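# Residue-level structure breakdown
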Amino acid sequence: SGGAQPHPLGPRRPGVAGLDEAVVHPPGAEGAGFISRVTSNGAVDQLTWVTGLASPTGLAVRGNHLLAVVRTGVVDIDTATGEILRTHSIPGAKFLNDIALDRDGIVYVSDSRANVIFRIKGETVEQWLAGPEVSQPNGLLVDDGRLIWGNNGERCLKAASLKTGEIASLILMPEGTIDGLAS
């Protein structure tokens, strides 16, 4: 897969039709990325389940939909069939990276090169957080009414209130990339 490391979806999502687990393969060639379907015991069920993706990275599940971050937006995939249902384009995206969902199904996407966290509510895409407080954001996690992210430019975890957008620094981290946040 072009030397890039595959990224797993995470633990099994009970009740998600057709999907135990998924792994993205984001090679450098545009449109050559794909998602594999993997069983709950780790066996590859279908290596190239969803194909033709532009360097997919983050994954999230909403109902029976798998949302995959690609270079220019978020692809919505039917978990039962692997069919791409639609793409939410994110204008001005430079390097979209991770994704998280809140309880209301609102989507948050980090852009590690544009220093922005986007929010997708229904059909509306907006820059939700930007500025000096957001520096190379990567791993995202919604927890307890907050969006937590790895702020790699400052080597720390930060959190923003989902209601107010108020940002707080949580902890300084050692050298390295902050990614793959989980509760």
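Report on the accompanying structure. Here the structure is a predicted model, which is why all the values come from computation and not from measurement.

## Description of the environment of Leu 172
- Among the structural elements, Leu 172 can be located in strand β16 (residues 167–172).
- Expressed as a C-alpha distance, the spacing of Leu 172 and Glu 154, which sit 18 residues apart in the sequence, is 8.0 Å.
- Residues in contact with Leu 172, not counting those within four places in the same chain, are Glu 154, Arg 155 and Cys 156.

## What to know about the sheet that holds strand β9 (residues 96–101)
- An order of β9-β10-β11-β12 is seen for the 4 strands of this open sheet, with the pairing classed as antiparallel. At either end of the open sheet lies a strand with only one pairing partner, and these are β9 and β12 (124–130). Across the sheet, the axes of successive neighbouring strands diverge by a mean angle of 25 degrees, strand direction being ignored.
- Alignment of strand β10 (residues 107–111) against strand β11 (residues 116–121), held across 5 bridges, turns out to be antiparallel. Of the residues in β11, the one forming a bridge with Ser 110 is Ile 117.

## Let's talk about the packing of aromatic side chains
- Summed over the entire model, instances satisfying the criterion amount to 1 aromatic pair.
- Here the basic side chain of Arg 71 rests over the ring of Phe 95, its NZ or CZ set 4.2 Å away from the ring centre.

## Let's talk about the pairing of β12
- Two elements, β11 and β12, share 6 bridges in a ladder whose sense is antiparallel. By the bridge assignment for β12, Val 116 is matched with Ala 130.
- Here β11 hands over to β12 after 2 residues, with Gly 122 in that stretch at a positive phi of 60 degrees.

## Re the pattern of salt bridges
- Counting across every chain of the model gives 7 salt bridges.
- Close ionic contact of Arg 86 with Glu 123 constitutes a salt bridge, the shortest N to O distance being 2.7 Å. Highlighted residues: Arg 86 in strand β8 (residues 84–89) and Glu 123 in the loop between β11 and β12, separated in sequence by 37 residues.
- Among the residues examined, Arg 86 registers a relative accessible area of 30% and is labelled partly exposed.
- By relative accessible area, Glu 123 is classed as exposed at 61%.

## As for the side chain of Ser 135
- Tracing the sequence through the fold places Ser 135 in the loop between β12 and β13 (137–143).
- In contact with Ser 135, other than residues within four places in its own chain, are Asn 115, Asn 151, Asn 152, Gly 153 and Glu 154.

## Remarks on unusual backbone geometry
- Of note, the phi angle at Asp 144 is positive, near 55 degrees, even though the residue is not glycine.
- With respect to the helices and strands, the residue Asp 144 is situated in the loop between β13 and β14 (146–151).
- The class for Asp 144 is exposed, based on a relative accessible area of 71%.
- The backbone of Arg 155 sits at a positive phi, close to 55 degrees, despite the residue not being glycine.
- Tracing the backbone through its elements, the reader meets Arg 155 in the loop between β14 and β15 (156–161).

Definitions and cut-offs
Residues numbered from 1 in each chain as written. Predicted model: local features only at pLDDT ≥ 70, side-chain atom pairs only at ≥ 80, totals over all residues. Heavy atoms only, no water. Helix = DSSP H or I, 4+ residues; strand = E, 2+ residues; numbered from the N terminus. Contact = heavy atoms within 4.5 Å. Pairing = 2+ DSSP bridges. Axes fitted to C-alpha atoms, helices over the stretch in contact; angles between N-to-C directions. Phe/Tyr/Trp six-rings, centres within 6.5 Å; stacked < 30°, edge-to-face > 60°. Lys NZ or Arg CZ within 6 Å of the ring centre and 35° of its normal. Salt bridge = Lys/Arg side-chain N within 4 Å of Asp/Glu carboxyl O. Buried < 20%, exposed > 50% of the residue type's maximum accessible area, 1.4 Å probe, protein only.

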